[in-house]
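Observations on the model geometry
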Amino acid sequence: MTDAFRDNPAQSRFELTVDGAIAFVVYRKTPDTITLVHTEVPPELGGRGIGSELARAALDAVRAQGIKLVVKCEFIQGFMKKHPEYDDLLR
């Protein structure tokens, strides 16, 4: 398995490519805030922890950018409940 995480600003999403398939988190961005809107993991990647890997990478990317976070995506909300170490990112 080869994982490649990247920010794709042209499509307003964070992407994680695994075995040729792309899982992603769609976002909306302003100069000081990013809103995570929706997470999608292709069916062929389901059950492998890819969603959690993507969530962690996206939240780490938000932290690296130094901007505040708003979460509208239920998947990311659930991930953050299990990982309160990311609560400091919230606006």
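The present account deals with the structure reproduced in this document. Not measured: the values here are computed from a predicted model.

**Notes on the pairing of strand S1 (residues 3-8)**
A regular strand places its side chains on the two faces of the sheet in alternate fashion. The pairing of S1 with strand S2 (residues 13-18) spans six bridges and is classified as antiparallel. Pairing of Arg6 across the sheet is with Glu15, part of S2. Counting the residues that bridge the hairpin from S1 to S2 gives four residues, and of these Ser12 lies at a positive phi of roughly 50°.

**Observations concerning unusual backbone geometry**
Even without being glycine, Ser12 reaches a positive phi, approximately 50°. Here Ser12 is to be found in the loop between S1 and S2.

**Remarks on the side chain of Thr39**
Positionally, Thr39 belongs in strand S4 (residues 33-40). Discounting residues that sit within four places of it in the chain, Thr39 has contacts with Phe24, Val25, Leu54, Cys73, Phe75 and Ile76.

**Quick notes on the pattern of salt bridges**
Scanning all chains against the criterion turns up five salt bridges. Here Glu15 ties to Arg6 by a salt bridge, and the two come within 2.8 Å at their closest N and O atoms. Here Glu15 falls in the buried class, since its relative accessible area comes to 2%. Assessed through its relative accessible area of 35%, Arg6 is described here as partly exposed. Where Glu15 meets Arg13, a salt bridge forms, and the shortest distance between an N and an O atom there is 2.6 Å. Linked by salt bridges that have partners in common, Arg6, Arg13 and Glu15 make up one network.

**Focus on the environment of Val62**
Here Val62 shows up in helix H1 (residues 50-65). Along the sequence, Val62 and Arg6 sit 56 residues apart, while their C-alpha atoms lie 12 Å from each other. Residues in contact with Val62, not counting those within four places in the same chain, are Phe14, Ile34, Ile67, Leu69 and Leu89.

**As for the nonpolar core**
If you look at soluble globular proteins, the nonpolar side chains tend to sit buried side by side. Of all hydrophobic cores here, the largest spans 26 residues; its most connected members are Phe14, Ile34, Leu36, Leu59, Leu69 and Ile76. Top element by residues in this core is H1. It accounts for seven residues. When near neighbours in sequence (up to four residues on either side) are disregarded, Ile76 contacts Val25, Leu36, Thr39, Ala55, Leu59 and Val71.

Cut-offs applied
- Residues numbered from 1 in each chain as written.
- Predicted model: local features only at pLDDT ≥ 70, side-chain atom pairs only at ≥ 80, totals over all residues.
- Heavy atoms only, no water.
- Pairing = 2+ DSSP bridges.
- Helix = DSSP H or I, 4+ residues; strand = E, 2+ residues; numbered from the N terminus.
- Contact = heavy atoms within 4.5 Å.
- Salt bridge = Lys/Arg side-chain N within 4 Å of Asp/Glu carboxyl O.
- Buried < 20%, exposed > 50% of the residue type's maximum accessible area, 1.4 Å probe, protein only.
- Core = buried A, V, L, I, M, F, W, Y, C linked by side-chain atoms within 4.5 Å.

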